[in-house]
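Here is what each chain is made of, one letter per residue.
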Amino acid sequence: MAHTNQRLSDSAAPTCIEICAGGGGQALGLERAGFTHTALVELDHDAVATLRTNRPGWNVLGTDVQGVSASDLHASGQSVGLLAAGVPCPPFSLAGKQLGAADERNLFPAVLNLVAALQPKTVMIENVKGILQAKFASYRADVLGELWAHGYWTSWRLLRACDYGVPQLRPRAVLVAVQRNRASQFRWPEPTACPKTAPGVGSVLYESMASGGWELARQWADHASRIAPTLCGGSRKHGGADLGPSRARHAWAQLGVNGSSVADEPPQPGTPLPVRLTIAQMALLQGFPADWKFSGGKTSAYRQIGNAFPPPVAEAVGRSLADVLAQDGAPAGYRIPHVDSTGNAPSGSSPRPSLSCRPGVIA
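Residues numbered from 1 in each chain as written. Predicted model: local features only at pLDDT ≥ 70, side-chain atom pairs only at ≥ 80, totals over all residues. Heavy atoms only, no water.

J.: Just checking my understanding: could you explain the packing of aromatic side chains for this structure?
T.: The description of an aromatic ring pair rests on the distance of the ring centres and on the angle between the ring planes. Taken as a whole and judged by the stated rule, the model has six aromatic pairs. Through pairs of rings, three or more aromatic residues link up here, namely Trp 58, Phe 288, Trp 292 and Phe 294. Above the ring of Trp 148, the side-chain terminus of Arg 180 is found at 3.8 Å from the ring centroid. A cation over a ring is seen here: Arg 218 above Tyr 206, with NZ or CZ 3.8 Å from the ring centre. (Phe/Tyr/Trp six-rings, centres within 6.5 Å; stacked < 30°, edge-to-face > 60°. Lys NZ or Arg CZ within 6 Å of the ring centre and 35° of its normal.)

Rendered as structure tokens:
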């Protein structure tokens, strides 16, 4: 059994293949949960550069997932611990046309084809909450039916980022599939926070806001004590370097934030209210560590951040899946330790206590 202040060896750590990896939010969370990525697939060239810049050792394939085969991702005969995917949101987004299966950006079929070919022990697919609408019930049933045919127990759940310490409400639909002989070992992660106890925008961004000598930093931070509106990255066809439509901008204004554009640097002395946010500050609000760097211009970087699965939420689900995989030939009670942004498990770490804030459940 590995000691908790040492990183698991590659032979002990469960493997993960990730599809539509984006700017790395899900990948970072899964790394912290103890997974070793054997391959990550991402089409956007700026996001590919982001992944390679932050994790030079990752095997990042800059290509369209629809042209990827199982042999491109994993050696034949080796087992895959987890197939994770953050498939594009526009087909099911409440802000879009909601074309679902008819949308050219719907990549569920490509992921399901890889599930059939790779037969991973577990699967995790993340998407917008819109996919849980009644109008998509038959589509969800088709997805679950195909997974069941391949031998998986399945469960949808609506998770809120604020329930895991991220300063946004940000509800996301997460589908977990576990090989049926392992299904009894899976437990959805318990919340570790809720809107009333999650850190507010001001507390998360105060240090950054004060870094340029802005004399209103403390006043602003004290006022911006609530969680943030959900960051919306937009699609490649729409969306720019701003904080969303008028309703979202109004919510940001209540926090003393000008959501019409993105700042190049933290506010300097004399900067009036409301203040604009930088790319780095929005990444902090999404749960990324301060040292995670995004490639590309403002619009591209903001899209990577806004479309990301917050690392703390991905970590929470990843740890539950890692616990399932840890049962393979392991001593009773063995648990894979979570790791920090450098890939090392914090010394003396232990799970945070769960609270009474329970996320929504879709069976």
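There is more to say after this.
J.: Would you take a moment to explain the environment of Ser 155 for this structure?
T.: Secondary-structure assignment places Ser 155 in strand E6 (residues 152-160). When the C-alpha atoms of Ser 155 and Trp 188 are compared, they prove to be 9.5 Å apart, with 33 residues separating the residues in sequence. Within polar-contact distance, the side chain of Ser 155 engages the side chain of Trp 188 at 3.2 Å. (Helix = DSSP H or I, 4+ residues; strand = E, 2+ residues; numbered from the N terminus. Polar contact = N/O pair within 3.5 Å; in protein donor to acceptor, adjacent residues only side chain to side chain.)

J.: Before we go on, may I ask you to explain unusual backbone geometry in this structure?
T.: Residue Leu 273 is joined to Pro 274 through a cis peptide bond whose omega torsion reads -5 degrees. Within the secondary structure layout, Pro 274 lies in the loop between helix H8 (246-253) and helix H9 (279-285). Of note, Cys 20 is a non-glycine position whose phi angle comes to about 55 degrees, a positive value. Its identity is not glycine, yet Arg 170 carries a phi of approximately 35 degrees, on the positive side. Secondary-structure assignment places Arg 170 in the loop between E6 and strand E7 (171-179).

J.: For this particular structure, what's the right way to read the packing of helix H1 (residues 25-32) against helix H11 (residues 311-325)?
T.: Between two packed helices, what matters for the description is the angle formed by their axes and the separation of those axes. Remark: H1 packs on H11, axes separated minimally by 7 Å, with the N-to-C direction vectors making an angle of 45 degrees. With respect to H11, the axis of H1 lies oblique. Here the hand of the crossing between H1 and H11 comes out right-handed. Contacts between H1 and H11 pair Gly 25, Gln 26, Leu 28, Gly 29, Leu 30 and Arg 32 from the former with Pro 311, Ala 314, Glu 315 and Gly 318 from the latter. In terms of residue class, the contact of H1 with H11 is made up of four nonpolar, four polar and two charged. (Axes fitted to C-alpha atoms, helices over the stretch in contact; angles between N-to-C directions. Parallel < 35°, antiparallel > 145°, perpendicular 65-115°, else oblique. Left-handed = near helix turned anticlockwise from the far one by under 90°. Contact = heavy atoms within 4.5 Å. Nonpolar A, V, L, I, M, F, W, Y, C, P; charged D, E, K, R; others polar.)

J.: Can you walk me through the nonpolar core in this structure?
T.: Across soluble globular proteins, nonpolar side chains show a tendency to be buried alongside one another. Judged by nonpolar contacts, the single largest core of 36 residues is most densely connected at Trp 220, Trp 252, Leu 277 and Met 282. Residue assignment for this core shows that the elements contributing at least two residues are H1, helix H2 (45-54), helix H6 (201-210), helix H7 (217-223), H9 and helix H10 (298-306). In terms of residue count, the dominant contributor to this core is H9 (four residues). With near-sequence residues (within four places) excluded, Trp 220 lies in contact with Val 201, Gly 202, Leu 205, Met 209, Trp 214, Leu 255, Gly 256, Val 257, Leu 273 and Val 275. In this structure, Cys 20, Ala 85, Val 143 and Leu 175 belong to the second largest nonpolar core, which totals 34 residues. (Core = buried A, V, L, I, M, F, W, Y, C linked by side-chain atoms within 4.5 Å. Buried < 20%, exposed > 50% of the residue type's maximum accessible area, 1.4 Å probe, protein only.)

J.: Looking at this model, I keep getting lost on H1. Mind explaining?
T.: Structurally, the α-helix is built with 3.6 residues per turn, so residues lying three or four positions apart point the same way. Burial runs high along H1: eight of the eight residues are buried. For H1, the set of buried residues is Gly 25, Gln 26, Ala 27, Leu 28, Gly 29, Leu 30, Glu 31 and Arg 32. Contact partners of the buried residues in H1: strand E1 (15-19), strand E2 (36-41), strand E4 (82-85), strand E5 (122-128) and H11. Downstream of H1 by one or two residues, Gly 34 has phi in the positive range, about 110 degrees.

J.: I would appreciate a short explanation of the environment of Val 275 in the present structure.
T.: Here Val 275 shows up in the loop between H8 and H9. Classification of Val 275 by relative accessible area gives buried; the value is 2%. On a C-alpha basis, the gap between Val 275 and Leu 255 in space is 9.4 Å, while along the polypeptide they are 20 residues apart. In contact with Val 275, other than residues within four places in its own chain, are Met 209, Trp 214, Trp 220, Gly 256, Val 257, Asn 258 and Pro 267.

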